Amino acid sequence: MKSTVLPALTVALAACQAPGKSTNPEQPAMAQFAILMYETGDAWNRKPQAERDALIERYMAWIKDLQASGAFKDGTPIGRGGTILAKDTAGAVRATAIDVNAESLTGTFIIEARDLAHAEELARGCPAIGHGETVHVRPVGHE
C-alpha cells in the first residue's frame, strides 16, 4: 500500500534545522514535548490542491515561528495505513492492517518548552487544528 505522505511538507521539514542549545546557565530548563496530529478519515486528501498548498504555507510559517523562538526541534508527516502489532489471547503477535478511515496519527513535531502549559500554548498555533485534526501534546521520555 502506498503511503500518502505530504511531499512538500516532508521536503520542507527535512530542510529545517533545529537551533543549537544555549549554554547560558541563566536560561530556564526546557523540556521536550511531542505535538501529535490525528486525522479521522481521509480529510487531507479530500481537500482541493489549492487549499492543501495554502495549509502547507501555514505550517511552514508556524514552523519558522517555532524556530525563531528556539522551540522547534524536529517534525515529520506520517503516511496513512500501516500495521498494528499486538499479542492475542494466546500470546502470539498478530498483525492487523490499520483502518485508513479510522483516527490515525498523521504527523509529529518535537518542541522544547518550559512546561506543559507552555507547550500547549505553542501547539495552539498548529495548523492541523484549523483543518479538522486533533492535536495531542505529550512530554517526551519517561518520568
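Residues numbered from 1 in each chain as written. Predicted model: local features only at pLDDT ≥ 70, side-chain atom pairs only at ≥ 80, totals over all residues. Heavy atoms only, no water.

With that settled, the discussion passes to the pattern of salt bridges. Applying the stated rule across the entire model yields five salt bridges. Of the charged contacts in the structure, one is a salt bridge between Glu39 and Arg80, with a shortest N-O distance of 3.6 Å. Taken together, the residues Glu39 in strand β1 (residues 31–39) and Arg80 in the loop between β2 (72–77) and β3 (83–87) connect sequence positions 41 residues apart. Between Glu112 and Lys73 there is a salt bridge whose closest N-O contact spans 3.7 Å. Residue Glu112 is found in strand β5 (residues 104–113), and its partner Lys73 is found in strand β2; the two are separated by 39 residues along the sequence. Here Glu112 and Lys73 have matching classes, each one buried. (Salt bridge = Lys/Arg side-chain N within 4 Å of Asp/Glu carboxyl O. Helix = DSSP H or I, 4+ residues; strand = E, 2+ residues; numbered from the N terminus. Buried < 20%, exposed > 50% of the residue type's maximum accessible area, 1.4 Å probe, protein only.)

Time to look at the pairing of β3. By the bridge criterion, five bridges tie β3 to strand β4 (residues 93–97) in an arrangement that is antiparallel. Paired with Leu85 across the two strands is Ala95, which belongs to β4. Between β3 and β4, which pair antiparallel in sequence order, lie five residues; one of them, Gly91, sits at a positive phi of approximately 95°. (Pairing = 2+ DSSP bridges.)

Right, let's talk about the sheet that holds β5 for a bit. In spatial order, the strands read β2-β5-β1-β6; together these four strands make up an open sheet with antiparallel pairing. The outermost strands of the open sheet, each flanked by one partner alone, are β2 and β6 (134–139). Strand-to-strand, the axes of this sheet are offset by a mean angle of 15°, without reference to chain direction. Bridge analysis of β2 against β5 gives five bridges, and the strand direction is antiparallel. Looking at the pairing, Gly75 lines up with Phe109 of β5. Contacts between helix α3 (residues 49–69) and the sheet are confined to β1, β2 and β5, with β5 contributing the most and set at about 25° to the helix. Where helix α4 (residues 116–123) meets the sheet, it contacts β1, β5 and β6, and its direction lies at approximately 125° from that of β5. (Axes fitted to C-alpha atoms, helices over the stretch in contact; angles between N-to-C directions. Contact = heavy atoms within 4.5 Å.)

A few words on the confidence of the model for the chain. Looking at the chain as a whole, its pLDDT mean stands at 84, while 80% of the residues score no less than 70. Mean pLDDT across the elements of the chain bottoms out in helix α1 (residues 7–15) (48) and peaks in α4 (97). Taken together, the stretch residues 1–8 has pLDDT below 50 and engages in 14 contacts with residues farther than four places along the chain or on a different chain. Ignoring residues within four places in sequence, the model shows residues 10–23, a span with pLDDT below 50, making 22 contacts including any to other chains. (pLDDT = per-residue confidence, 0-100.)

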